[in-house]
There are 2 protein chains.
Amino acid sequence: MKPSFSIIDVRPFGAAPVDVRVVDGAIASIAPHERAAPPLAGDTVIDGQGALLLPGFVEGHTHLDKTTWGMPWYRNAVGPRLVDRIENERHWRATSGHDAARASRSLALAFLRAGTTRLRTHVDIDTDAGLAHLDGVLDTRAALADVLDLQIVAFPQSGMLERPGTRELLDAALAEGADVLGALDPAAIDGDPAASLDLTFALATRHQKPIDIHLHEPGELGAFTFGLLLDRVEAHGLHGRVVVSHAFCLGELPVAKRDALLERIARAGVALLTTAPASTPVPPLNAARAAGVTLFGGNDGIRDAWTPYGSPDMLERAMLIAMRYDLRRDDDLATALDLVTTEGARACAFERYGLAAGARADLVLVDAETVAHAITSRPPRRLVMANGTLIAADFSR
Amino acid sequence: MKPSFSIIDVRPFGAAPVDVRVVDGAIASIAPHERAAPPLAGDTVIDGQGALLLPGFVEGHTHLDKTTWGMPWYRNAVGPRLVDRIENERHWRATSGHDAARASRSLALAFLRAGTTRLRTHVDIDTDAGLAHLDGVLDTRAALADVLDLQIVAFPQSGMLERPGTRELLDAALAEGADVLGALDPAAIDGDPAASLDLTFALATRHQKPIDIHLHEPGELGAFTFGLLLDRVEAHGLHGRVVVSHAFCLGELPVAKRDALLERIARAGVALLTTAPASTPVPPLNAARAAGVTLFGGNDGIRDAWTPYGSPDMLERAMLIAMRYDLRRDDDLATALDLVTTEGARACAFERYGLAAGARADLVLVDAETVAHAITSRPPRRLVMANGTLIAADFSR
């Protein structure tokens, strides 16, 4: 049994003050602060002093295994093509003595301290690295199991078809504990979209695992591959079990074609992940939501051989998402927070999520007047609680 | 005579360690740390411990007068059109009791503490506000004159032609101390691009002031207006004295037409300001630089009735610029820093700028291995010096 807490005078999403009671890792009750009963004897009482209360954040797409977080700065001198980056990284992994356990743990802890309590990470599986990255991230998952809800995607970063043996490694990864089967550009990387998707869906079905596929393919090519994918979601009855990450093509299609595709995506229950890159077309926020498609957010890689950017602070990701979609009204910025909280939890099927009795006690307190204020100012965390355990607390003001 | 400093063991832009001597507000010498003479008696010695040395940052385009920085959070519920935002803001200014002196000083101090020592701000001049905002910002300029090099643009935020009396107010503003004449969308807002530009150029010529024009007009319309502007730069001989802010149109034109326009812009010595918005087309970085056009960076408004975004930390603006242009290599990220340092100083003609003997002692120290590391991590400032005066210093580590 974990300790009980009474966290008093906090404003969920900026609403009127409430008291939150936490018992054995779960939210036991949320009651208006003015009418709440006095804290129970034995509870640790935390006076929130009117701070903004948010649920623990959800990182929907990152690559913990290959970050350089907490290590010396990686000087990036890589060429501009996707294939340059893939090959550079494979070379870097092979020659740098990179330790996926240490790297993933360092970054996972940084996420936790900044308030992220649920996280989906894509882990490189290929014929060079074998399952070494998976083993490292499994170590991190075990070490942080009580506080961080960590989903592992077995991800063929170098493609699946081109390198014989990759499929067997993915098979082994799923048997060994990966939660989700990943995939990468069935046309542009694998060169045979139908065959690549067939293999992915067969493997996922055999292991009864969901799918999360990187789809960078642009415009009409991306739309074509997306159609093939939807055919297979329907054929395998994988409604609600598939995520398409990036889906740049949806930001490039003519509106009528895009909307028809969104409608099909909604029917198949496929969710879309965006990092909201400033330099690339992105799936349309309003049209996706209007069509009933779940759109959620993540960093992608953080300070690795691909990119110098990214931050374990999901309020910063919410800000970048909001800026990408030109959200300026307070109510619109609250939507950006949804993408790294409730929408992420729904898309990834993280359970017992949210600010409600019965949910896991994953809580964040910050000094901010509204959600928009929190997103734009990204204040230090006054409190982070993960599954009822205090990760950080600072009420020194 | 100001105090003298020996700032030892600092790495300019990440290069080998140097010692910087500051005498009476100026950089007196920069010498390799290993071979430098011992600090002179009487100097205040600051041991930089290998920190990264950057020049004071240049904010090329903001609106200090109407920020809510340091005040209660402004809840934005404004409609999406440009005219909604202009009218909402005029109403807010008239009813909120906003104090432009207090607001501008609060934000200017935040800029200083984060290392910005040169700043160009556009100040609203219109028939409702009159010269009240200018008076407020002139107060701030006077109060911070020793440390912040502040340029004031007299900016007709509500248009110039539509509201009789605006031209006279701009005339008065330039007489009263504004450094630059501003303007706004000669076609889309003023409705008569030739007449609007004629008035602007006549006024600037009469006062012998440079021009900085907001040009949001899209695509072919923007290109048309830009062409009319270039005609007048040539006719008035204002080479090197005109900035076009935003210039979204340059991100939308067919490449051949865009490059022909860039070539004309380079010949006219017109500089381009970008905030690198994630949701809007932007002038092309590489093509502009290849054509010899100066491109520099700024925030635009910070936390005001237009936008909840923006930060007085110009390293964050450099990061957003770098992300917008998808810069990932260390050497490319150094270019993003140029936009908020040397390029900004050149475009706005800030004098005695840079890390060289004879320049004003505007210095920033941060813990970072390279410029790219500083941009992506935006570390706390170890030291900020402005015109030889210590603004902030923290060597507690």
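Residues numbered from 1 in each chain as written. Chains lettered and ligands numbered in written order. Predicted model: local features only at pLDDT ≥ 70, side-chain atom pairs only at ≥ 80, totals over all residues. Heavy atoms only, no water.

- An unreviewed UniProt entry lists chain A under the name Cytosine deaminase, from Caballeronia telluris.

**Some remarks on the interface of chain A and chain B**
Frequently, the measure chosen for interface size is the accessible area that the parts lose on association.
Link 1 in the chain: Chain A puts 34 residues into the contact, and the matching count from chain B is 34 residues.
Link 2 in the chain: Interface area for chain A against chain B, summed over the two sides, is near 3300 Å², with a carbon-plus-sulfur share of 51%.
Link 3 in the chain: The shortest N-O distance in the salt bridge between Glu 316 of chain B and Arg 378 of chain A comes to 2.8 Å.
Link 4 in the chain: Counting across the chain A and chain B interface gives 20 residue pairs in polar contact (both at pLDDT 80 or more).
Link 5 in the chain: When residues of the side of chain A that touches chain B are traced back to their parent elements, those giving at least two are helix H9 (314–324), helix H10 (330–339) and helix H12 (371–377) of chain A.
Link 6 in the chain: At six residues, H9 of chain A tops the list of elements feeding residues into the side of chain A that touches chain B.
Link 7 in the chain: The class makeup of the residues in the side of chain A that touches chain B is 16 nonpolar, seven polar and 11 charged. (Contact = heavy atoms within 4.5 Å. Buried area = accessible area lost by both parts, 1.4 Å probe. Salt bridge = Lys/Arg side-chain N within 4 Å of Asp/Glu carboxyl O. Polar contact = N/O pair within 3.5 Å; in protein donor to acceptor, adjacent residues only side chain to side chain. Helix = DSSP H or I, 4+ residues; strand = E, 2+ residues; numbered from the N terminus. Nonpolar A, V, L, I, M, F, W, Y, C, P; charged D, E, K, R; others polar.)

**Examining unusual backbone geometry**
All names here are of chain A.
Link 1 in the chain: Backbone geometry places Asp 300, a non-glycine residue, at a positive phi of 70 degrees.
Link 2 in the chain: Within the fold, Asp 300 resides in the loop between strand S12 (295–297) and H9.
Link 3 in the chain: Look at Asp 300 and you get partly exposed, because its relative accessible area is 22%.
Link 4 in the chain: Phi angles above zero are rare outside glycine, and Asn 387 is one such case at about 50 degrees.
Link 5 in the chain: The topology assignment puts Asn 387 in the loop between strand S14 (381–386) and strand S15 (389–393).
Link 6 in the chain: The class of Asn 387 is buried, set by a relative accessible area of 15%. (Buried < 20%, exposed > 50% of the residue type's maximum accessible area, 1.4 Å probe, protein only.)

**Let's talk about the state of the cysteines**
Link 1 in the chain: By the definition in use, this model includes zero disulfides over all chains.
Link 2 in the chain: Of all cysteine sulfurs, the one in Cys 249 of chain B lies closest to Cys 348 of chain B, which takes part in no disulfide; the gap is 19 Å. (Disulfide = S-S within 2.5 Å.)

**Description of the environment of Pro 193 of chain B**
Residue and element names in this part refer to chain B.
Link 1 in the chain: Tracing the backbone through its elements, the reader meets Pro 193 in helix H5 (residues 193–207).
Link 2 in the chain: Residue classification places Pro 193 among the buried residues on the basis of a relative accessible area of 16%.
Link 3 in the chain: Separated by 78 residues in sequence, Pro 193 and Gly 115 have C-alpha atoms that sit 38 Å apart.
Link 4 in the chain: Discounting residues that sit within four places of it in the chain, Pro 193 has contacts with Pro 186, Ala 187, Phe 224, Thr 225 and Leu 228.

**Structural notes on the pattern of salt bridges**
Link 1 in the chain: Taken as a whole and judged by the stated rule, the model has 58 salt bridges over all chains.
Link 2 in the chain: In this structure, Arg 360 of chain B and Asp 362 of chain B form a salt bridge, with 3.1 Å as the shortest nitrogen-oxygen distance. Just as Arg 360 of chain B is buried, Asp 362 of chain B falls in that class too.
Link 3 in the chain: A single network of salt bridges, built from pairs that share partners, joins Lys 66, Glu 89, Arg 93, Asp 124 and Asp 126 of chain A.

**Let's talk about the domain arrangement of chain A**
Residue and element names in this part refer to chain A.
Link 1 in the chain: Per the domain assignment, the segments making up chain A are domain 1 (5–56 + 354–393) and domain 2 (57–348).
Link 2 in the chain: Listed per partner, the contact involves 22 residues of domain 1 and 22 residues of domain 2.
Link 3 in the chain: Roughly 1900 Å² is buried in total at the junction of domain 1 and domain 2, and carbon and sulfur atoms are behind 65% of that figure.
Link 4 in the chain: On inspection of domain 1 and its partner domain 2, the count reaches three salt bridges.
Link 5 in the chain: Residue Asp 362 pairs with Arg 118 through a salt bridge whose shortest N-O separation is 2.9 Å.
Link 6 in the chain: Taken together, the links from domain 1 to domain 2 amount to 10 residue pairs in polar contact (both at pLDDT 80 or more).
Link 7 in the chain: A total of five residues in the side of domain 1 that touches domain 2 trace back to one element, the largest contributor, which is H12. (Domains from an automatic or database assignment.)

**Side note on a negative patch on the surface**
Residue and element names in this part refer to chain A.
Link 1 in the chain: A surface patch of negative charge is lined by Asp 99, Asp 135, Asp 139 and Glu 176.
Link 2 in the chain: Within the fold, Asp 99 resides in the loop between helix H1 (82–95) and helix H2 (100–113).
Link 3 in the chain: Classification of Asp 99 as partly exposed rests on a relative accessible area of 37%. (Patch = residues over 30% accessible without salt bridge, like charges linked within 9 Å, V, L, I, M, F, W, Y side chains within 5 Å. Areas by Shrake-Rupley, 256 points an atom, 1.4 Å probe, with all protein chains shown as cover. Lys, Arg positive; Asp, Glu negative; His and termini not counted. Charge placed at Lys NZ, Arg CZ, Asp CG, Glu CD.)

**Thoughts on the relation of the copies chain A and chain B**
Link 1 in the chain: Of the transformation superimposing chain A on chain B, the axial component is 0.0 Å and the angular component is 180 degrees, with the fit at an RMSD of 0.0 Å. The superposition of one copy onto the other is thereby described by a two-fold rotation axis. Every residue of chain A has its C-alpha some distance from the rotation axis, and the shortest such distance is that of Ala 278 of chain A, at 2.3 Å.
Link 2 in the chain: Mapped onto chain B, 100% of the interface residues of chain A are again interface residues, and the two copies thus contact each other with one and the same surface. (Least-squares fit on C-alpha atoms with pLDDT ≥ 70 in both.)

**Things to note about the UniProt feature "domain: Amidohydrolase" (unreviewed entry) in chain A**
Link 1 in the chain: UniProt tags residues 45–385 of chain A as "domain: Amidohydrolase" (unreviewed entry).
Link 2 in the chain: Summarising residues 45–385 of chain A: 41% helix, 19% strand, and an end-to-end C-alpha distance of 14 Å. (UniProt positions renumbered as here; feature names shortened; annotations may be inferred.)

**Looking at the packing of aromatic side chains**
Residue and element names in this part refer to chain A.
Link 1 in the chain: All chains considered together, the criterion is met by two aromatic pairs over all chains.
Link 2 in the chain: Centre to centre, the rings of Tyr 74 and Trp 92 are 6.0 Å apart; their planes meet at 70 degrees, and the pair counts as edge-to-face. Here Trp 92 lies in helix H1 and Tyr 74 lies in the loop between strand S5 (57–62) and H1, a separation of 18 residues in the sequence. (Phe/Tyr/Trp six-rings, centres within 6.5 Å; stacked < 30°, edge-to-face > 60°.)

**Re the sheet that holds strand S13 (residues 363–366) of chain A**
Residue and element names in this part refer to chain A.
Link 1 in the chain: Strands sit in the order S3-S2-S1-S4-S13-S14-S15 across an open sheet of seven strands; the sheet is mixed. For this open sheet the edge positions go to strand S3 (26–32) and S15, each flanked by a neighbour on one side alone. Strand-to-strand, the axes of this sheet are offset by a mean angle of 30 degrees, without reference to chain direction.
Link 2 in the chain: In this sheet, strand S4 (residues 44–55) lies alongside strand S1 (residues 5–12) in parallel orientation, the contact comprising seven bridges. Residue pairing across strands places Pro 12 opposite Leu 53, the latter belonging to S4.
Link 3 in the chain: Taken strand by strand, H2 contacts S14 and S15, and its axis lies near 115 degrees from that of S14. (Pairing = 2+ DSSP bridges. Axes fitted to C-alpha atoms, helices over the stretch in contact; angles between N-to-C directions.)

**Here's the deal with the packing of helix H2 (residues 100–113) of chain B against helix H3 (residues 132–143) of chain B**
Residues and elements named next belong to chain B.
Link 1 in the chain: Viewed as axis vectors pointing N to C, H2 and H3 meet at an angle of 40 degrees, and their least axial separation amounts to 7 Å. One way to sum up the angle between H2 and H3 is to call them oblique. Here the hand of the crossing between H2 and H3 comes out right-handed. Contact residues: Ala 100, Ala 101, Ser 104, Arg 105 and Ala 108 in H2; Ala 132, His 133, Gly 136, Val 137, Asp 139, Thr 140 and Ala 143 in H3.
Link 2 in the chain: The residue inventory of the contact of H2 with H3, partitioned by class, reads six nonpolar, four polar and two charged. (Parallel < 35°, antiparallel > 145°, perpendicular 65-115°, else oblique. Left-handed = near helix turned anticlockwise from the far one by under 90°.)

**As for the nonpolar core**
Link 1 in the chain: Counting 180 residues, the largest nonpolar core has Phe 226 of chain A together with Phe 226 and Leu 229 of chain B as its most contacted members.
Link 2 in the chain: The residues touching Phe 226 of chain A, leaving out its near neighbours within four places in the chain, are Leu 215, Val 244, Ala 247, Cys 249, Leu 250, Leu 261, Ile 265, Val 270 and Leu 272 of chain A.
Link 3 in the chain: Residues Val 20, Ile 46, Ala 361 and Leu 365 of chain B belong to the second largest nonpolar core, which totals 17 residues. (Core = buried A, V, L, I, M, F, W, Y, C linked by side-chain atoms within 4.5 Å.)

**A few points about empty space enclosed by the protein**
Think of a ball as big as a water molecule: rolled over the atoms, this probe shows where empty space is left.
Link 1 in the chain: Enumeration according to the criterion identifies four cavities of 30 Å³ or more in this entry.
Link 2 in the chain: Residue lining of the largest cavity: Asn 299, Tyr 309, Gly 310, Ser 311, Asp 313, Glu 316, Arg 317 and Leu 320 of chain A together with Met 319, Met 323 and Arg 378 of chain B, and that is the complete set.
Link 3 in the chain: Broken down by secondary-structure element, the contributors of at least two residues to the lining of the largest cavity are H9 of chain A together with helix H9 (314–324) of chain B.
Link 4 in the chain: The greatest single-element share of the lining of the largest cavity, amounting to three residues, is contributed by H9 of chain A.
Link 5 in the chain: Grouping the amino acids of the lining of the largest cavity by side-chain chemistry returns four nonpolar, three polar and four charged. (1 Å grid on protein atoms, 1.4 Å probe; cavity = no way out; pocket = protein on both sides within 12 Å on 5 of 7 lines; lining within 4 Å. Points joined across faces, edges and corners; volume = space filled by probe spheres on them.)

**A look at the layout of surface pockets**
Link 1 in the chain: Considered as a void within the structure, the second largest pocket measures approximately 660 Å³ in volume.
Link 2 in the chain: Surrounding the second largest pocket, 29 residues form its lining, Glu 316 and Arg 378 of chain A together with Asp 313, Glu 316 and Arg 378 of chain B being those nearest its centre.
Link 3 in the chain: Listed by contribution, the elements that provide at least two residues to the lining of the second largest pocket are H12 of chain A together with H2 and helix H12 (371–377) of chain B.
Link 4 in the chain: For the lining of the second largest pocket, a count of residues per class yields 10 nonpolar, eight polar and 11 charged.

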